[in-house]
Amino acid sequence: MTYDFQFDAVLASWDYLLAGAWLTVRLSFGAMAIGLVIAILCALGKTSGPKPVRWLINAYIEVIRNTPFLVQIFLIFFGLPTVGLRLSPDMAALIAMVVNVGAYATEIIRAGIESIHKGQIEAGLALGLRPLQVFRHVILKPALRTVYPALTSQFILLMLSSSVVSAISADELTSVANNIQSQTFRSFEIYIVVTGIYLVLALMFSALFAGIYRLAFAYTVDRR
């Protein structure tokens, strides 16, 4: 049996696919930035906060890590309107992605913070650094450098997982592809192209993260 490939429908809808890919990128970057801030705060609270704070953070992490992402999206998009909070699909998608990646990134950053030897912290305080300066320069930056590969892998996984938000009609790449497929019935061609776009996006994110690492974390050692 032969199959007649017809990519005309894909090319005719190329603008829509690019718009969907752009929303995927925007959602991913927004969730990464906000999720990173949440993860840093939660990791700090988990490693040095009072017991009630640690308990709340642990509960947040366990709930998110042990429930499906799709269910979390549905809870935010369909559940919140019952208490009077109605969100657009894009906003619900962003919030769900932030909440999800924040929990996973918290554990990654927490591991990085706990890898910092207490002697380094005591040395920073002995040099007269304020606690905030110690956290920023002695704890946080080395911790992020240590866990950077795991953290960026989680961010790329987040971008790929953003396809799930098509279930609430957020017009990201997968949702646009589904709409095109329902109009043209050229499933194979559409999803081949979409697979290629996701691959390109993942490679672009990897290259960007590699560049950020060289700028922010690649220390130069003087060997003279």
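From a predicted model like this one, the values you see are computed outputs, not experimental measurements. (Residues numbered from 1 in each chain as written. Predicted model: local features only at pLDDT ≥ 70, side-chain atom pairs only at ≥ 80, totals over all residues. Heavy atoms only, no water.)

Enquirer: Account for the overall build of the protein chain, naming residues and giving values.
Expert: A tally of helices and strands in the protein chain yields nine helices and zero strands. Ordering the α and β elements of the protein chain from the N terminus gives α-α-α-α-α-α-α-α-α. Considering only C-alpha atoms, the protein chain reaches an extent of 75 × 55 × 30 Å along its principal axes. Within the protein chain, buried positions represent 41% of all 224 residues. (Helix = DSSP H or I, 4+ residues; strand = E, 2+ residues; numbered from the N terminus. Buried < 20%, exposed > 50% of the residue type's maximum accessible area, 1.4 Å probe, protein only.)

Enquirer: Please give an account of the UniProt feature "transmembrane region" (unreviewed entry) in the protein chain that cites residues and values.
Expert: As recorded in UniProt, the sites labelled "transmembrane region" (unreviewed entry) are residues 20-45, 66-85, 146-170 and 190-216. As a span, residues 20-45 carries 100% helix and 0% strand, and end to end its C-alpha atoms are 37 Å apart. Taken end to end, residues 190-216 comprises 100% helix and 0% strand; its first and last C-alpha atoms sit 39 Å apart. (UniProt positions renumbered as here; feature names shortened; annotations may be inferred.)

Enquirer: Any chance you could break down helix α3 (residues 51-65) for me, citing the residues and the numbers?
Expert: Between its first and last C-alpha, α3 extends 21 Å over 15 residues, near the 21 Å set by a 1.5 Å rise per residue. Of all the residues in α3, the buried ones are Ile 57, Ile 61 and Ile 64. Each buried residue of α3 lies within a common arc of 70° when the element is viewed along its axis, so the set occupies one face. Exposed side chains of α3 directed beyond 90 degrees from the buried face belong to Lys 51, Pro 52, Trp 55, Leu 56 and Val 63. Tucked inside the fold, the buried residues of α3 contact α2 (14-48), α4 (69-79) and α5 (89-114). (Expected span 1.5 Å × (residues − 1). Arc of directions from axis to C-beta. Contact = heavy atoms within 4.5 Å.)

Enquirer: Could you give an account of the nonpolar core, naming the residues involved and the relevant values?
Expert: Ranked by size, the top nonpolar core spans 59 residues in total, and within it Leu 17 and Ile 109 carry the most contacts. The set of elements that each furnish at least two residues to this core consists of α2, α4, α5, α7 (131-161), α8 (173-184) and α9 (187-216). Counting residues per element, this core draws most heavily on α7, which supplies 14 residues. (Core = buried A, V, L, I, M, F, W, Y, C linked by side-chain atoms within 4.5 Å.)

Enquirer: Outline the packing of aromatic side chains, supporting the account with residue identities and numerical values.
Expert: Using the criterion set out here, one finds 10 aromatic pairs in the structure. Consider the rings of Phe 77 and Phe 78, whose centres lie 4.9 Å apart with planes at 75°: the pair is edge-to-face. Ring centres 6.0 Å apart and planes at 40° place the aromatic pair Tyr 213 and Phe 217 in the tilted group. Given the relative accessible area of 27%, Tyr 213 is considered partly exposed. Among the aromatic side chains, those forming a connected cluster through ring pairs are Phe 29, Phe 155, Phe 205 and Phe 209. (Phe/Tyr/Trp six-rings, centres within 6.5 Å; stacked < 30°, edge-to-face > 60°.)

Enquirer: Provide a residue-level description of α8, including the pertinent values.
Expert: Here α8 is 12 residues long and its end C-alpha atoms lie 16 Å apart, about the 16 Å a rise of 1.5 Å per residue gives. For α8, the set of buried residues is Leu 173, Thr 174, Ser 175, Val 176, Ala 177, Ile 180 and Gln 181. With a side-chain oxygen positioned 3.0 Å from the backbone nitrogen of Thr 174, the residue opening α8 is Glu 172. (Polar contact = N/O pair within 3.5 Å; in protein donor to acceptor, adjacent residues only side chain to side chain.)

Enquirer: Which residues make up a nonpolar patch on the surface, and what values go with them?
Expert: A contiguous nonpolar surface patch, about 600 Å² in accessible area, is contributed by Tyr 3, Phe 5, Phe 7, Leu 11, Phe 188 and Ile 192. Its location among the elements puts Phe 7 in the segment before α1 (8-12). We classify Phe 7 as partly exposed; its relative accessible area is 32%. (Patch = residues over 30% accessible without salt bridge, like charges linked within 9 Å, V, L, I, M, F, W, Y side chains within 5 Å. Areas by Shrake-Rupley, 256 points an atom, 1.4 Å probe, with all protein chains shown as cover. Salt bridge = Lys/Arg side-chain N within 4 Å of Asp/Glu carboxyl O.)

Enquirer: Run through the UniProt feature "domain: ABC transmembrane type-1" (unreviewed entry) in the protein chain, naming residues and quoting values.
Expert: Within this numbering scheme, the UniProt entry marks residues 21-209 as carrying the feature "domain: ABC transmembrane type-1" (unreviewed entry). Helix makes up 82% of residues 21-209 and strand 0%, with an end-to-end C-alpha separation of 19 Å.

Enquirer: How would you sum up the environment of Ile 116? Please name residues and give values.
Expert: Residue position: Ile 116 is located in the loop between α5 and α6 (118-126). When near neighbours in sequence (up to four residues on either side) are disregarded, Ile 116 contacts Ile 121, Val 138, Ile 139, Pro 142 and Ala 143.

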